[in-house]
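For reference, the chains in residue letters:
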Amino acid sequence: MLTFSEKINIIEENFPQLTRKDISLGRINYHLEESNRDKKIVIQHLHPNGNGFVYAGHLPRGKKNEKGMVNIRDYSADELINLVQKSMNYLLEEKGNSEEESNPSEPEKENWIGGVDHEKLLLVHEDELWNIYAGLNLEAAFESYKEAHDYLVEEGFQKI
């Protein structure tokens, strides 16, 4: 595990475009002022005990907490650099220019089949989420069509 000072050094040496903001209890936030999204905090609550969070809007829902953050307590230097860079790339992306936001051919509903029992699933776009249903039961929910599509493919399902 990297120490607090090692994490600060890595962040400040590799990401000069981030603005350091010292906050309460000795913690530090790093902001990306040039963000093209509402979110500007890339690194939140970096704590002297080594704990901290990186915004990960680009990751699927299961890999981040409810606020879209990933805990970096046990990250290596390379893992930290990689995650921060991807977070910044996502925040610098023009809103509406990401692949999933700009794809006008996204359906409102799709039927999928697969799995051991050739189970049928329904992918539905509703209330800004992509929900996967098995009959009347909600099986999963995703923030983008791409995430839902990739999940279904990884689980061995095919569009019908």
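The coordinates are above.
Residues numbered from 1 in each chain as written. Predicted model: local features only at pLDDT ≥ 70, side-chain atom pairs only at ≥ 80, totals over all residues. Heavy atoms only, no water.

Moving on: the sheet that holds strand S3 (residues 41-46). Taken in spatial order, the five strands line up as S1-S2-S3-S4-S5 in an open sheet, and their pairing is antiparallel. Among the strands making up the open sheet, the edge pair consists of strand S1 (19-22) and strand S5 (69-71). Between one strand and the next, the sheet's axes are offset by a mean angle of 20°, whatever the strand orientation. Bridge analysis of strand S2 (residues 28-31) against S3 gives three bridges, and the strand direction is antiparallel. Following the sheet pairing, Tyr30 is matched in S3 by Ile43. Lying over the sheet, helix H2 (residues 77-92) contacts S3, strand S4 (53-55) and S5, oriented at roughly 35° with respect to S4. (Pairing = 2+ DSSP bridges. Helix = DSSP H or I, 4+ residues; strand = E, 2+ residues; numbered from the N terminus. Axes fitted to C-alpha atoms, helices over the stretch in contact; angles between N-to-C directions. Contact = heavy atoms within 4.5 Å.)

The next subject is the environment of Lys86. Within the element layout of this structure, Lys86 appears in helix H2. We classify Lys86 as partly exposed; its relative accessible area is 40%. Along the backbone, Lys86 and Tyr55 are 31 residues apart, and their C-alpha atoms lie at a distance of 9.4 Å. (Buried < 20%, exposed > 50% of the residue type's maximum accessible area, 1.4 Å probe, protein only.)

The sheet contact formed by strand S6 (residues 109-114) and strand S7 (residues 119-126) spans six bridges and is antiparallel. Note on S7: the bridge partner recorded for Trp112 is Leu121. Where S6 folds back on S7, the antiparallel hairpin that results is connected by four residues, among which Gly115 adopts a positive phi of roughly 80°. Hairpin connection between S7 and strand S8 (residues 129-134): a loop of two residues separates the two successive antiparallel strands, and Asp127 in this loop has a positive phi of roughly 50°.

In a beta sheet, neighbouring strands are held together by backbone hydrogen bonds and run either parallel or antiparallel to one another. If you trace the five strands from one edge of the open sheet to the other, you get S9-S8-S7-S6-S10, paired in antiparallel fashion. Whereas interior strands pair on both sides, the edge strands pair on one side only; in this sheet they are strand S9 (137-142) and strand S10 (157-159). Between one strand axis and the next, the sheet turns by 30° as a mean value, whatever way the strands run. Inspection of the sheet shows S6 paired to S10 by three bridges, in the antiparallel sense. Directly across from Trp112, in S10, lies its bridge partner Lys159. Together, S6, S7, S8, S9 and S10 form the strand contacts of helix H4 (residues 145-154), whose direction differs from that of S8 by roughly 30°.

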